[in-house]
Amino acid sequence: QESMDRMEVVETLCGINLPGHLHTKESLQFAQDFEFRDNDVVIVTYPKSGTTWMQEILTLIYSKGDSMPAENIPNWARAPWLEQHYFKDLVRNGSGPRLITTHLQYRFLAKALGRSKAKVIYITRNPKDVAVSFYHFHKMANFLPDPGSFNDLLKKFLDGTVSFGSWFDHVKGWHNQKNAVNIFYITYEEMKMDLRGSIERLCNFLHFPLLPAVVDSIHKHCTFTNMKDNKMANYTLIPNEIMDHQKGKFMRKGEVGDWKRHFTVEQSIIFDNIYEDEMRGTSLQFTW
Ligand code: A3P
């Protein structure tokens, strides 16, 4: 019955499984051909790495702490997804520094971004927490395939057959692109440990200085406790047929290390071995 209730349509585009009601061949082509402007700000993430959090922070940076847009406009309209066909016009017609979001791998956008000085913000999160968050998201998001058990989802996550493709390919592709793209790297864990300092570092990268009191107010607005109740950011505006809020919350826990409550010792060892193999030669470090 549960899988019959799902509206999942999986599109396999360029070897990556994507939710088919949001992505088409044309929408992917639109993203690849996109003419970025130098003052665009592009949020890039593998899903469940802090996308919504960054959308909120950047909205408040550019509103200079005025909470009006963050409390009245849904996050997907403030920082629309480049590759999702519903958002084409919103992305294209935005003004000022356009905030644009994408889950695409680097290879799709290398050409388009290479033509511009658009500012790219790449967020990573330790992949054990990503896998746990993704598992819970699969349970409530009816446009994603039924995840089965956590172990089933973990296997797919590790072999890259999960929706949105391989976490390893995503992270390795976007890593070390400082010479090709105007890019700022930050981790979910850094934001958790020092949100205020992270906002200041973002302002520096964006060349958008703010008064300390404004940074304080953004900091206060963007804590998990505060954001989880903002219906313009917690996805409760989305109908239950698409995201079933009886089955779980989008703003679920917002913690570092929740994986320790989900992984068995054996799953953790398998994960570590694959991680070591895949990430050999990279300098990425995570707080687990
Ligand atoms: P959990 O499922 O671990 O709670 P994305 O927006 O990329 O889909 O990521 C969603 C994850 O970010 C969820 O993780 C969500 O709770 C967390 N998140 C969203 N806003 C946050 C905040 N202000 N502070 C900490 N975590 C936040």
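The rules behind these values
- Residues numbered from 1 in each chain as written.
- Predicted model: local features only at pLDDT ≥ 70, side-chain atom pairs only at ≥ 80, totals over all residues.
- Heavy atoms only, no water.
- UniProt positions renumbered as here; feature names shortened; annotations may be inferred.
- Helix = DSSP H or I, 4+ residues; strand = E, 2+ residues; numbered from the N terminus.
- Phe/Tyr/Trp six-rings, centres within 6.5 Å; stacked < 30°, edge-to-face > 60°.
- Buried < 20%, exposed > 50% of the residue type's maximum accessible area, 1.4 Å probe, protein only.
- Lys NZ or Arg CZ within 6 Å of the ring centre and 35° of its normal.
- Arc of directions from axis to C-beta.
- Polar contact = N/O pair within 3.5 Å; in protein donor to acceptor, adjacent residues only side chain to side chain.
- Near = heavy atom within 4 Å.
- Areas by Shrake-Rupley, 256 points an atom, 1.4 Å probe, with all protein chains shown as cover.
- Nonpolar A, V, L, I, M, F, W, Y, C, P; charged D, E, K, R; others polar.
- Contact = heavy atoms within 4.5 Å.
- pLDDT = per-residue confidence, 0-100.
- Pairing = 2+ DSSP bridges.
- Axes fitted to C-alpha atoms, helices over the stretch in contact; angles between N-to-C directions.

Student: Give a description of the UniProt feature "domain: Sulfotransferase" (unreviewed entry) in the chain that names residues and reports values.
Tutor: Summarizing the sequence annotation, UniProt attributes the feature "domain: Sulfotransferase" (unreviewed entry) to residues 38-282 in the numbering used throughout. For residues 38-282, helix accounts for 47% and strand for 9%, while the C-alpha atoms at its two ends are 29 Å apart.

Student: Describe the packing of aromatic side chains, and please don't skip the residues or the numbers.
Tutor: Following the criterion strictly, the structure yields 25 aromatic pairs and no others. Judged by centre distance (5.2 Å) and plane angle (70°), the rings of Trp-53 and Tyr-188 are edge-to-face. Here Trp-53, found in helix H3 (residues 51-62), pairs with Tyr-188, found in helix H11 (residues 188-193); they are 135 residues apart in sequence, far enough to count as distant. Judged by its relative accessible area of 11%, Trp-53 is buried. For Tyr-188, a relative accessible area of 6% translates into the label buried. With centroids separated by 5.4 Å and ring planes inclined at 70°, the aromatic side chains of Tyr-135 and Phe-150 adopt a geometry described as edge-to-face. Remark: Phe-150 occurs in helix H9 (residues 150-159) and Tyr-135 occurs in helix H8 (residues 127-140); sequence separation between them is 15 residues. Neither Tyr-135 nor Phe-150 differs from the other in exposure class; each is buried. Lying across the ring of Phe-137, Lys-48 places its NZ or CZ 3.7 Å from the centre.

Student: Explain helix H10 (residues 167-174) to me, using residue names and the numbers behind them.
Tutor: Regarding H10, the residues found buried are Trp-167, Phe-168, His-170, Val-171 and Trp-174. Angular distribution of buried residues about the axis of H10 spans 165°; they occupy a single face of the element. Between the side-chain oxygen at the start of H10 and the backbone nitrogen of Phe-168 there is a gap of 3.1 Å, and the oxygen is on Ser-166. Directly after H10, the chain includes Asn-176, whose backbone phi takes a positive value near 60°.

Student: Go over the site of the ligand, please, and point to the residues and values.
Tutor: Inspection of the region around the ligand gives 18 residues, with Thr-51, Thr-52, Ser-133, Tyr-188 and Lys-253 positioned closest. Contacts to the ligand include Ser-133, whose side-chain N or O atom sits 2.7 Å from an oxygen atom. Considered on its own, the ligand offers 580 Å² of accessible surface; in the complex 97% of this is hidden by protein. It is H3 that provides the largest number of residues to the shell around the ligand, a total of 3 residues. Class assignment of the residues belonging to the shell around the ligand gives a composition of 7 nonpolar, 7 polar and 4 charged.

Student: Any details on helix H13 (residues 212-221)? Residues and values, ideally.
Tutor: Helical periodicity: at 3.6 residues per turn, an α-helix aligns residues three or four positions apart in one direction. For H13, the complete set of buried residues consists of Val-214, Val-215, Ile-218 and His-221. All buried residues of H13 project into a common sector of 125° when viewed along the axis, lining one side. Exposed and oriented more than 90 degrees from the buried face of H13 are Pro-212, Ala-213 and Lys-220. On its buried face, H13 is in contact with H3, helix H4 (68-72), helix H12 (195-206) and helix H14 (224-227).

Student: So what's going on with the confidence of the model for the chain? Residues and values would help.
Tutor: Detailed reading of the predicted coordinates is not advisable wherever pLDDT falls low. Confidence in the prediction of the chain, expressed as mean pLDDT, is 95, and 98% of residues score 70 or more. Among the prediction metrics, the complex's ipTM stands at 1.00, with pTM recorded as 0.96.

Student: I'd love a proper account of the sheet that holds strand S3 (residues 41-45), names of residues and values included.
Tutor: Strands sit in the order S4-S3-S5-S6 across an open sheet of 4 strands; the sheet is parallel. Both outer strands of the open sheet, strand S4 (99-102) and strand S6 (182-187), are each paired with one neighbouring strand and no more. With direction set aside, neighbouring strand axes in the sheet form an average angle of 20°. With 6 bridges connecting them, strand S5 (residues 119-124) and S6 associate as parallel partners. Within S6, the position partnered with Ile-123 by the bridge is Ile-186.

Student: Any chance you could break down the pairing of strand S1 (residues 10-13) for me, citing the residues and the numbers?
Tutor: Residues in a regular strand point their side chains to alternate faces of the sheet. Across 4 bridges, the pairing between S1 and strand S2 (residues 16-19) is antiparallel. The residue of S2 that forms the bridge with Leu-13 is Ile-16. Counted between consecutive antiparallel strands, the loop separating S1 from S2 contains 2 residues, among which Cys-14 sits at a positive phi close to 50°.

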